[in-house]
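The chain contents come next:
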6 protein chains.
Amino acid sequence: MRPSGREADQLRPVSIETGVAKHAEGSCLIRMGDTHVLCTASIEDRTPPWMRNSGLGWVTAEYGMLPRATNTRNRREAALGKQSGRTQEIQRLIGRALRAGVDRVVLGERQITVDCDVIQADGGTRCAAITGGWVALRLAAEKLVRAGEVSENPIVDHVAAVSCGIHGGRPVLDLDYAEDSEAGADANIVMTGSGGLVEVQMSAEGAPFSRQELDVMLELAHKGVAQLVAAQKAAVEGA
Amino acid sequence: MRPSGREADQLRPVSIETGVAKHAEGSCLIRMGDTHVLCTASIEDRTPPWMRNSGLGWVTAEYGMLPRATNTRNRREAALGKQSGRTQEIQRLIGRALRAGVDRVVLGERQITVDCDVIQADGGTRCAAITGGWVALRLAAEKLVRAGEVSENPIVDHVAAVSCGIHGGRPVLDLDYAEDSEAGADANIVMTGSGGLVEVQMSAEGAPFSRQELDVMLELAHKGVAQLVAAQKAAVEGA
Amino acid sequence: MRPSGREADQLRPVSIETGVAKHAEGSCLIRMGDTHVLCTASIEDRTPPWMRNSGLGWVTAEYGMLPRATNTRNRREAALGKQSGRTQEIQRLIGRALRAGVDRVVLGERQITVDCDVIQADGGTRCAAITGGWVALRLAAEKLVRAGEVSENPIVDHVAAVSCGIHGGRPVLDLDYAEDSEAGADANIVMTGSGGLVEVQMSAEGAPFSRQELDVMLELAHKGVAQLVAAQKAAVEGA
Amino acid sequence: MRPSGREADQLRPVSIETGVAKHAEGSCLIRMGDTHVLCTASIEDRTPPWMRNSGLGWVTAEYGMLPRATNTRNRREAALGKQSGRTQEIQRLIGRALRAGVDRVVLGERQITVDCDVIQADGGTRCAAITGGWVALRLAAEKLVRAGEVSENPIVDHVAAVSCGIHGGRPVLDLDYAEDSEAGADANIVMTGSGGLVEVQMSAEGAPFSRQELDVMLELAHKGVAQLVAAQKAAVEGA
Amino acid sequence: MRPSGREADQLRPVSIETGVAKHAEGSCLIRMGDTHVLCTASIEDRTPPWMRNSGLGWVTAEYGMLPRATNTRNRREAALGKQSGRTQEIQRLIGRALRAGVDRVVLGERQITVDCDVIQADGGTRCAAITGGWVALRLAAEKLVRAGEVSENPIVDHVAAVSCGIHGGRPVLDLDYAEDSEAGADANIVMTGSGGLVEVQMSAEGAPFSRQELDVMLELAHKGVAQLVAAQKAAVEGA
Amino acid sequence: MRPSGREADQLRPVSIETGVAKHAEGSCLIRMGDTHVLCTASIEDRTPPWMRNSGLGWVTAEYGMLPRATNTRNRREAALGKQSGRTQEIQRLIGRALRAGVDRVVLGERQITVDCDVIQADGGTRCAAITGGWVALRLAAEKLVRAGEVSENPIVDHVAAVSCGIHGGRPVLDLDYAEDSEAGADANIVMTGSGGLVEVQMSAEGAPFSRQELDVMLELAHKGVAQLVAAQKAAVEGA
C-alpha cells in the first residue's frame with residue numbers, strides 16, 4: 001500500500017495552468033500533487049558566444065527552489081554564493097531534455113531560457129520541471145510563429161518526464177516525498193510524445209536493483225508519460 | 001494623470017492570500033496590482049551565534065526575485081554567485097522593518113526567517129515584501145502561541161510599507177513600474193499600526209526635492225499604510 | 001547632555017585637507033572629529049559598457065574601511081572575498097548622492113570614480129565620505145576644465161551630508177560612535193548647496209520615531225549641511 | 001566499423017596498477033586504452049558533521065582532470081574558482097556508486113575519500129574512475145582489516161562501470177573519444193560484482209533512442225562489467 | 001645617474017610617525033619618499049585554531065593598497081572578490097619577516113595582526129610595510145608589557161627591509177617606481193637589527209644577474225637596513 | 001648525517017621521462033627522489049589581452065598538487081573555490097623563471113602555458129616543476145620549429161632550479177620533506193644553463209642565517225643546477 005493510497009501505476013493529480021507570468025514569452029504553473037513548479041520561457045535574440053554564427057538556436061534551463069518550498073528551510077543558493085551540485089545536475093538535465101524536442105535549425109540564432117522555480121516541493125520536482133518547462137517553451141515558440149519570426153514551429157515533439165522508484169519492494173510511479181525518502185531505487189525517465197527515450201536515470205538507494213525491476217519501471221514510466229503528454233496538449237490548446 | 005488612471009493618493013488593488021505554502025509556519029501571497037510577492041516565515045529554535053545566550057530572539061529576512069519576474073529576464077543571483085547590492089539593501093531593510101514590530105524578549109531564543117520572493121514585479125516590491133512579510137511573521141508567531149511555546153504573542157504591532165514618489169511633478173502614492181521608471185523622486189516609508197515611523201527612505205532621481213514635497217509624500221504614505229494595515233488585519237483574521 | 005559635551009545642533013570640528021594623494025586627479029582628507037576619510041577622484045576616458053554612446057558621463061563611488069579604523073579590528077573585505085551588504089549600501093548611497101550635483105551631459109563620456117576609504121572611524125563615515133568625496137570630485141572636474149576637456153564645470157552644485165539621531169530622547173546633530181551606538185533613531189541626510197533634498201534615510205532603532213522628531217532632525221540637518229558646504233567652499237578655494 | 005577497429009562488444013585494453021601513490025592508504029592507476037585515471041583512497045577517523053554519532057561510516061569521491069588531459073587545454077578549475085557542473089555531477093556519481101559496495105556499519109565512524117584524477121582522457125573517464133576507485137577503496141579497507149580497526153572487510157561487493165553508446169546506428173561498448181563525440185546516445189552503467197544494477201544513465205544525443213537499443217546497451221554493459229570485475233580481482237590479489 | 005639624482009647607496013628620506021591610529025594597540029605611518037604605508041598592530045587574546053594550546057603566540061600580517069595609491073587606479077580587491085597573487089605573496093612575506101623578531105613563547109597564546117595599507121605608492125611598498133610594521137608591532141608589544149600581560153618584551157630584535165636592484169647596469173639601493181619599472185633585477189632583503197639575514201628575494205627582470213651583482217646588492221642592503229633600524233629606534237623612543 | 005644518508009652536496013636521483021602526455025605539445029614526468037611532477041606545455045595562438053599586438057610571446061605556468069600527493073590529504077583547491085597563496089606564489093615563480101630562458105620576439109604572438117601537477121610530493125616540488133617545466137616547454141618549442149612556425153628556437157637557454165637549506169646547522173642541497181620540515185633556512189635558486197642567476201629566494205625558519213651560510217648555499221645550488229641541466233639535455237636529446 002502506498003502512503004498516498006494510490007495504485008502502483010497511478011500519477012498524482014496533474015494540473016498545468018498557463019499564462020501565469022505576465023512578462024514571460026511563455027509560462028505555466030505545473031502541479032503534480034503538492035509539487036508546484038513555476039516555469040517561464042524567455043526568448044533572447046542571440047545565442048551563447050560559443051555557438052554564434054552556426055545558424056543554430058539554443059535552449060537552456062535554470063532550476064531553483066524557494067527556501068521554504070521544503071519541509072525544513074533550505075539556505076538560499078544566492079546567499080550561499082553558489083548553486084549546489086544537485087541544482088546544477090538538475091538544470092543540466094532539464095536543458096538536455098527540452099532540447100530533444102527542438103529543431104535548432106528552425107529556431108535560428110535565438111536562445112530560449114526556461115526557468116523552473118519550485119514554489120512547493122513534494123518529490124519529483126525535476127520531472128515536473130521538464131513537463132511544465134516544455135509547455136512554457138512551446139508557448140514561447142508559438143509566439144515566435146505568430147510574430148512571423150520563424151517559418152514553422154521549432155518545437156517538433158512533446159517532451160515529458162516522470163519519476164519511478166521501488167517502494168516497499170515494488171516498482172511504483174510518480175513518488176511523492178514520503179515514498180521517495182524511503183525508496184530502494186529512484187528513477188527519472190524522460191520521453192518524447194512519440195514514445196522515444198530521451199533520458200533514463202536510475203539509481204539504487206541501498207541494495208542494487210534487478211534487470212526485471214528496471215523493465216517494470218520503464219513500463220510504468222511509459223504509461224505515466226503518455227498521460228503527461230495529454231495534459232500538455234490540453235494546456236497548450238487551452239492557452 | 002497617472003498612467004494607471006489612479007488618483008494621487010490611491011493604492012493599487014491589494015490582496016493578501018494566506019496559507020499558500022504548505023510547509024511554512026506562516027505564509028501569504030501579497031498582490032499590490034501586478035506586483036506579487038510570496039512571503040514565508042520559518043521558525044528555528046536557535047538564534048545566530050553572535051546573540052546566543054542573550055535571552056533574545058531574532059527576526060531576519062531574505063529577498064529574491066525570480067529571473068523572469070521582470071519585463072526582461074534578470075540573471076539568477078544563485079548562478080551569478082552573489083546577491084546584488086540592491087538585493088542585500090532590500091533584505092536588510094525588510095529585516096529591520098519587521099523587527100520594529102517584535103518583542104524580542106517574548107520571542108525568546110528563536111529565529112524567524114521571513115523569505116520574500118517576488119513572483120512578478122511591477123514596482124514597489126520591497127514595500128509589498130514588508131507588508132506581506134509581516135503577515136507571514138504574525139501567522140508563525142500565532143503558531144508559537146497556540147503551541148504554548150511563548151507566553152504571549154511576540155508581534156506587538158503591525159508593520160507595513162508603501163512607496164511614494166514624484167511623478168509628473170506631483171507627489172503620488174504607490175508607484176507602479178511605469179511611474180517608477182520616470183519618477184523624479186522615489187520614497188519608501190515603513191510605519192507601525194499605531195502610526196510611528198520605522199523607516200523613511202527618499203531619494204532624488206535627477207533634481208533634488210523640496211521639504212514641501214517631502215511633507216506631502218509623508219502624508220500620502222500615512223494614508224496608504226493605514227489601508228495596508230487594515231488589509232493585514234483582515235488577512236490575519238481570515239487565516 | 002551629549003557624551004562629547006556638544007550642543008544638540010553642534011557639528012564636530014571639520015577639516016578638509018586637499019591634495020593629499022599625489023596620483024589622483026582630485027583628493028582630500030576629511031576629518032569630522034575623529035572620523036577621518038581619504039577621498040580620491042579618478043577620471044577615466046570611458047563610461048561603463050551599459051551607457052556607452054549615450055553622450056552622458058558617469059560618477060560612481062567605492063567605499064572601504066581599513067581593518068583597524070574601528071575599536072576592534074574588522075576582517076578585511078578583500079580577504080573575506082566580498083564586500084558586506086553595509087559596504088555596498090554605503091557606496092551606492094555615495095554614488096547616488098554625488099551624481100545629484102553633476103551635469104552628466106557636460107561631463108561627456110567620462111567616468112569619475114570617487115574612492116572613500118575610512119582611515120579612522122568614530123561615527124558618521126558615510127556622511128563624511130559624501131562631503132569629502134564631493135571635494136575630490138570637484139577638484140578633478142576643475143582639472144578637466146583647466147585642460148580644456150570640458151566646456152564648463154560639470155559639477156553644478158555642492159552636495160554634502162550629515163547624520164542626525166535621537167539620543168537620550170532628543171534629536172541631535174552629527175553623532176559620534178558613542179552616541180550612535182545607543183541612539184533611538186539614526187538618520188543620514190544629503191542636501192545640495194542650494195538647499196534641495198537629495199537623500200533622506202531615517203531608521204528607528206528600537207521604538208518608532210514621530211513625525212515631529214523627523215521634522216526636528218531635518219532642521220538640524222539643514223543647519224549642519226550649510227556649515228559643511230561652507231567648509232567645502234573654503235577647501236576648494238584653498239586648493 | 002568502429003574507429004578503433006574493435007568489435008561492438010569489445011572493451012579497450014584494461015590495466016590496473018596498484019600502489020602507485022606512496023602516501024595513500026590505497027591507490028591505483030587505471031588505464032582503459034588512452035584514458036588514464038589515478039585513484040587514491042584516504043582514510044579519516046571521522047565522518048562529516050551531519051552524520052556524526054550515527055555509528056555509520058561514509059565514502060565520498062572527488063574528481064578532477066589535469067588541464068592538458070584533453071586534446072585542447074581546459075582551464076584549471078582551481079584557477080576558475082569553482083568546479084563545473086560536469087565535475088560535480090561526476091563526483092556525486094562516483095561517490096554514490098562506490099557506496100553501493102560498502103557496509104557502512106562495519107566501516108564504523110570513518111570517512112574514506114576516493115580521489116580520481118584524470119591524467120589523460122580519451123572517453124569514459126567517469127567509468128574508469130569508478131572501476132579504479134573501487135580498487136583503491138578496497139585496498140584501503142584491507143589496510144583497516146590488517147590493522148584490526150574493523151572486524152571484517154566493509155567492502156562487501158565489487159562495483160565497476162562501463163560506458164555504452166549508439167555509434168553509427170549500432171550499440172557499442174566502451175566508447176573512446178572519437179566515438180563518443182559523434183554518438184547518438186551515451187550511457188554509463190554501474191553494476192556490482194554479483195550483477196545487480198547500481199546506476200543506469202542513458203542520454204539521447206540528437207534523436208531519442210528506442211527501448212530495444214536500451215536493452216542491447218544493457219547487455220553490452222553486463223558483459224563489459226564482468227570483465228572489469230575480473231580485472232579488479234586480479235589487481236587486488238596482485239597488490 | 002639615478003632618475004632621482006640619488007647616489008647608488010642612498011635611501012630616500014625616511015620618516016616614521018607613530019600613534020597615527022587612535023584605536024590600534026600600535027601604529028605608525030612610514031614614508032619612504034613618496035611611498036606612504038599606514039601600519040597598525042591589533043592584539044587578540046587567542047591564536048588561530050591550528051595552534052591552540054601550544055603555548056605559542058602568533059604574528060600575522062595583511063597588506064592592502066588603496067585603489068588610487070598608484071598612478072592609474074587599480075580595481076579594489078574587495079570588489080573583485082579576491083586578493084591578487086601579488087597581495088598574498090607580499091602579506092605572507094611581511095608575516096614571515098616580522099615573526100623573525102618575535103619570541104613566541106614570551107608572547108604566549110595571543111595573536112598580533114599587523115595591517116599594512118599603502119596610502120600612496122612609489123616603489124618599495126613591501127619593504128616599507130615590513131619596516132613600519134615592525135614599529136607598530138613593537139609598540140603593541142610594549143603595551144602588553146606595560147599592562148603586565150607578558151613578563152618581558154616578546155619583540156627580541158629589529159626587523160627591517162629594503163629593496164635593491166640593477167638600474168642602468170648598476171646595483172642601486174631603494175628603488176622608486178621610475179627605477180623599478182625599468183630595472184634589470186629586483187631584490188628585497190629583510191634583516192634583523194643584529195645583521196642576520198631573514199629573507200633574500202632576488203629576481204632577474206630580463207637578463208640573469210651575476211653572483212658579483214648579488215654580492216653588491218647584499219652590501220647595499222646591509223647599509224640601508226642599518227639606517228632603517230636607526231629610524232625605527234628613534235621612532236619607538238619618541239612614541 | 002642527513003636522514004637520507006646523502007652527502008651535503010648530493011642531489012636525489014633525478015629522472016626525466018618525456019612524452020608522457022599524448023595530447024600536449026611537450027610533456028615530461030620529472031622525479032627528484034619521491035617528488036614526482038607531471039609537466040605539460042600547451043601552445044595557443046594568441047597572447048593575453050593586455051599584450052596583444054606587441055609582437056611578443058608569453059610563457060606562463062600553473063601549479064597544482066593532487067589531494068593525496070602528501071602524507072595527509074589536502075583539500076582540493078577546485079573544491080575550496082580558490083588557489084592558496086602558496087600555490088599562487090609558486091606558479092608566479094615558475095612562470096617568471098621559465099620566461100628567463102625565452103626569446104619572446106622569436107616566439108611571436110603565442111602563449112605557452114606550462115602546467116606542473118604534483119603527483120607525489122617529498123619536498124622541493126617547485127624546483128622540480130621549474131626543471132621539468134623547462135623540458136616540456138623546450139619540447140613544445142621544438143614542435144613549433146619543426147612546423148616552421150618560428151624561424152629559430154625561442155628557448156635560448158636552460159632554466160633549472162634546486163632547493164638548499166640549513167639542516168642540522170649545515171647547508172645541504174636538495175632537501176626532502178623530512179629535512180625540509182626541520183630546516184633552519186629554506187632556499188630555492190633558479191639558474192640558467194650558462195650559470196646566470198634568475199631567482200634567489202632564501203627564508204630563515206627560526207633564527208636568521210648568516211652571509212657565510214648564504215654563500216655556501218649558493219655554491220651548492222650552482223653545483224646542483226649543473227647536474228639538472230645535464231639531465232635536461234639528456235632528456236631533450238632522448239625525446
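Residues numbered from 1 in each chain as written. Chains lettered and ligands numbered in written order. Predicted model: local features only at pLDDT ≥ 70, side-chain atom pairs only at ≥ 80, totals over all residues. Heavy atoms only, no water.

1. So, the arrangement of the chains
Thought 1: No part of chain B reaches chain D; the closest C-alpha pair between them is 10 Å apart.
Thought 2: Considering only C-alpha positions, the minimal separation of the non-contacting chain B and chain E is 10 Å. (Contact = heavy atoms within 4.5 Å.)

2. Digging into the confidence of the model for chain A
Thought 1: Residues with a pLDDT of 70 or more make up 100% of chain A, whose mean pLDDT is 97.
Thought 2: Scored as a complex, the prediction yields pTM 0.93 and ipTM 0.95. (pLDDT = per-residue confidence, 0-100.)

3. Some remarks on the relation of the copies chain B and chain A
Thought 1: For the pair chain B and chain A, the best superposition has an RMSD of 0.0 Å and corresponds to a rotation of 180° with a translation of 0.0 Å parallel to the axis. The superposition of one copy onto the other is thereby described by a two-fold rotation axis.
Thought 2: Interface residue correspondence from chain B to chain A reaches 100%, placing this contact among same-surface, isologous pairings. (Least-squares fit on C-alpha atoms with pLDDT ≥ 70 in both.)

4. Some points on the UniProt feature "domain: Exoribonuclease phosphorolytic" (unreviewed entry) in chain A
Residue and element names in this part refer to chain A.
Thought 1: With numbering aligned to this structure, UniProt lists the feature "domain: Exoribonuclease phosphorolytic" (unreviewed entry) at residues 10–140 and 159–224.
Thought 2: When the span residues 10–140 is considered, its composition is 30% helix and 31% strand, and the gap between its end C-alpha atoms is 31 Å.
Thought 3: Secondary structure content for residues 159–224 is 27% helix and 44% strand, and the end C-alpha separation is 12 Å. (UniProt positions renumbered as here; feature names shortened; annotations may be inferred. Helix = DSSP H or I, 4+ residues; strand = E, 2+ residues; numbered from the N terminus.)

5. What about the side chain of Glu89 of chain A?
Thought 1: Within the secondary structure layout, Glu89 of chain A lies in helix H2 (residues 85–99).
Thought 2: The class of Glu89 of chain A is buried, set by a relative accessible area of 10%.
Thought 3: Side-chain polar atoms of Glu89 of chain A contact the side chain of Arg92 of chain D, separated by 2.7 Å.
Thought 4: Setting aside anything within four residues of it in sequence, one finds Glu89 of chain A in contact with Glu89, Arg92 and Arg96 of chain D. (Buried < 20%, exposed > 50% of the residue type's maximum accessible area, 1.4 Å probe, protein only. Polar contact = N/O pair within 3.5 Å; in protein donor to acceptor, adjacent residues only side chain to side chain.)

6. Notes on the sheet that holds strand E1 (residues 14–18) of chain A
All names here are of chain A.
Thought 1: Here we have five strands laid out as an open sheet, ordered E1-E2-E3-E5-E4, and mixed in their pairing. Two strands in the sheet have a free side with no partner beyond their single neighbour: E1 and strand E4 (58–65). Looking at each pair of strands side by side, their axes are set apart by 20° on average, direction ignored.
Thought 2: Where strand E3 (residues 35–44) lies against strand E5 (residues 111–120), nine bridges are found, and the strand directions are antiparallel. Each bridged residue has a counterpart across the sheet, and for Val37 the counterpart in E5 is Val118.
Thought 3: Lying over the sheet, helix H4 (residues 125–146) contacts E1, strand E2 (26–32), E3, E4 and E5, oriented at roughly 35° with respect to E3.
Thought 4: On the sheet, helix H6 (residues 211–238) packs against E1 and E2 and is oriented at approximately 25° with respect to E1. (Pairing = 2+ DSSP bridges. Axes fitted to C-alpha atoms, helices over the stretch in contact; angles between N-to-C directions.)

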